[in-house]
Amino acid sequence: MNWQMISSDAEVADLMSRSADCDAVMVDTEFMRRNTFYPQIALLQLCFDNGPLQGEAFLIDPLGLQDVAPLQAMLTRPGLVKVLHSASEDLEVFQRWLGHCPEPLFDTQCAAALLDLGFGLGYGALVKLICDVELPKGETRSDWLQRPLTQSQCDYAAQDVIWLMSIWRELKTRCLEQDKLDWVLADGVDTVNAARSSGIHGYHRRIKNAWKLDPRQLNALVAVCEWREATARDKDKPRGWIVDDKVCLQLAQQRPGSRDALRAAIDMPPAALRRYGDQLLELVAALEDTPDAMLPERLPRPLDASQRDLLKALKTRVREIGADLGTAPEVLLQSGDYELLVRGAAGDSKATPRHWQGWRRERVIEPLQAMLST
């Protein structure tokens with residue numbers, strides 16, 4: 001496996017300078033996320049297409065770098081396509097580490113689905129499919145923050161971008177043949193925008209049975225979830241290490257007014273009670289004066305039987321559209337899109353998701369909306 005370790009600011013700057021004429025770069029990261037809210041970057045792997053650097057993996061050690069400006073410039077260079085596989089977690093790493101996401105983005109997992117090679121294919125499966133190579137998995141759970149990295153770790157990390165080069169070339173050729181390159185790049189824009197917009201708001205919608213809460217309870221749930229999100233980010237600890245979803249829901253339902261009530265009504269671990277009990281009591285108490293007019297609307301009830309039938313019919317139609325387009329049907333819509341379409345047909349107007357625009361609007365969304373209107 002042909003790779004080179006890059007561990008100083010001068011080496012990074014030199015590599016970025018030598019890559020100026022390349023038109024695509026394979027990108028991967030190794031990171032750790034065991035006891036933290038944010039992923040901890042441990043290694044950046046690059047492999048450039050075209051030019052003198054072609055075919056060699058460069059393993060960039062981020063732990064000793066002081067000047068990341070050359071990497072930031074490379075990530076946002078308009079004429080350099082960034083090729084990643086299943087990019088969402090890597091985007092979170094880059095957003096946290098460098099303050100930028102790689103763009104333009106070509107996600108090979110997305111491209112494989114749009115070419116009907118399979119939905120949600122893992123990197124190893126795609127290497128096997130395109131290159132007929134079985135990749136070793138021995139370093140999957142390795143400690144990537146240890147130094148020095150072992151030869152085995154470096155070989156493992158290098159293969160994640162070296163084989164990606166062959167995949168990129170094959171998928172790009174097929175995309176051009178089927179006029180789908182713009183589709184993949186447009187979905188890359190949506191993926192990057194989603195990574196950028198990830199904030200502390202909206203988590204309450206993920207909590208089971210939140211739809212049962214009345215407006216005042218829901219107001220409390222929103223506030224508690226946002227407090228937890230901000231606390232987790234500030235302390236760089238997983239959400240569940242602050243308080244879990246069950247506690248958030250119980251706090252919203254009960255809205256305890258004293259330490260004794262909090263202890264009696266909420267299944268809160270003693271350590272969390274000691275650490276956060278007073279903050280939560282103050283938070284809940286402050287919400288009690290919220291005027292009715294400022295309370296949020298209740299979350300929608302689950303779909304009824306007739307709406308669920310419509311949703312099933314939509315999925316059948318999407319399978320037909322996928323067959324016509326030569327794509328995996330799962331890549332055409334996200335799981336939540338079906339419910340949005342059904343509720344929209346019933347008059348529940350919501351903001352149109354960004355990924356409903358572009359090629360997807362004409363090929364997928366408008367036919368489905370027409371079907372629902374008949």
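It should be noted that the structure appears before, not after, this text.
All figures in this text were calculated on a predicted structure; none of them were measured in a lab.

Student: Can you walk me through the pattern of salt bridges in this structure?
Tutor: Once their charged atoms are close, side chains differing in charge can pair, the charge on each being opposite to the other. Going through the model one piece at a time under the given rule, you end up with 21 salt bridges. The partner of D14 in a salt bridge is R18, with the nearest N and O atoms 3.1 Å apart. A residue pair is termed a helical-turn pair when its members lie 3 or 4 positions apart in one helix, as D14 and R18 do in helix α1 (residues 9–18) at four residues. R18 sits in the partly exposed class, given a relative accessible area of 37%. Here D61 makes a salt bridge to R147, at a shortest N to O gap of 2.9 Å. Of this pair, D61 sits in the loop between β4 (57–60) and α2 (69–75) while R147 is found in the loop between α5 (123–131) and α6 (151–177), placing the two residues 86 residues apart along the sequence. Here D61 falls in the buried class, since its relative accessible area comes to 14%.

Student: Any chance you could explain the pairing of strand β5 (residues 81–84) here in plain terms?
Tutor: Along a regular strand, successive side chains alternate from one face of the sheet to the other. The two faces of β5 match: V81 and V83 on one face and K82 and L84 on the other face are all buried. Judged from the three bridges that link them, β5 and strand β6 (residues 105–107) form a sheet pairing that is parallel. Bridged to V83 within β6 is F106. Handedness of the crossover joining β5 and β6 through helix α3 (residues 88–97): right-handed.

Student: In this structure, what is going on with unusual backbone geometry? I would like to understand it.
Tutor: Backbone geometry follows two general trends: most residues other than glycine have a negative phi, and most peptide bonds adopt the trans configuration. P104 follows E103 through a cis peptide bond whose omega is -5°. Inspection of the secondary structure puts P104 in the loop between α3 and β6. Each neighbour pair has its own omega, and for R147 with P148 the value is 0°, a cis peptide bond. Tracing the backbone shows P148 in the loop between α5 and α6. Backbone geometry places D132, a non-glycine residue, at a positive phi of 55°.

Student: Can you walk me through the packing of helix α8 (residues 215–235) against helix α10 (residues 245–254) in this structure?
Tutor: Helix-helix packing is described using two parameters, namely the angle between the two axes and the distance between the axes. The contact between α8 and α10 brings their axes to 8 Å, and the two run at 140°. The two elements α8 and α10 cross, and the hand of that crossing is right-handed. Counted together, Q217, A220, L221, V224, C225 and R228 of α8 and D245, C248, L249, L251, A252 and Q253 of α10 form the full contact between these two elements. Of the residues that constitute the contact of α8 with α10, the class distribution is eight nonpolar, two polar and two charged.

The rules behind these values
- Residues numbered from 1 in each chain as written.
- Predicted model: local features only at pLDDT ≥ 70, side-chain atom pairs only at ≥ 80, totals over all residues.
- Heavy atoms only, no water.
- Salt bridge = Lys/Arg side-chain N within 4 Å of Asp/Glu carboxyl O.
- Helix = DSSP H or I, 4+ residues; strand = E, 2+ residues; numbered from the N terminus.
- Buried < 20%, exposed > 50% of the residue type's maximum accessible area, 1.4 Å probe, protein only.
- Pairing = 2+ DSSP bridges.
- Right-handed = clockwise from strand over helix to strand, strands pointing away.
- Axes fitted to C-alpha atoms, helices over the stretch in contact; angles between N-to-C directions.
- Left-handed = near helix turned anticlockwise from the far one by under 90°.
- Contact = heavy atoms within 4.5 Å.
- Nonpolar A, V, L, I, M, F, W, Y, C, P; charged D, E, K, R; others polar.

Any link to function would need more than the numbers given here.
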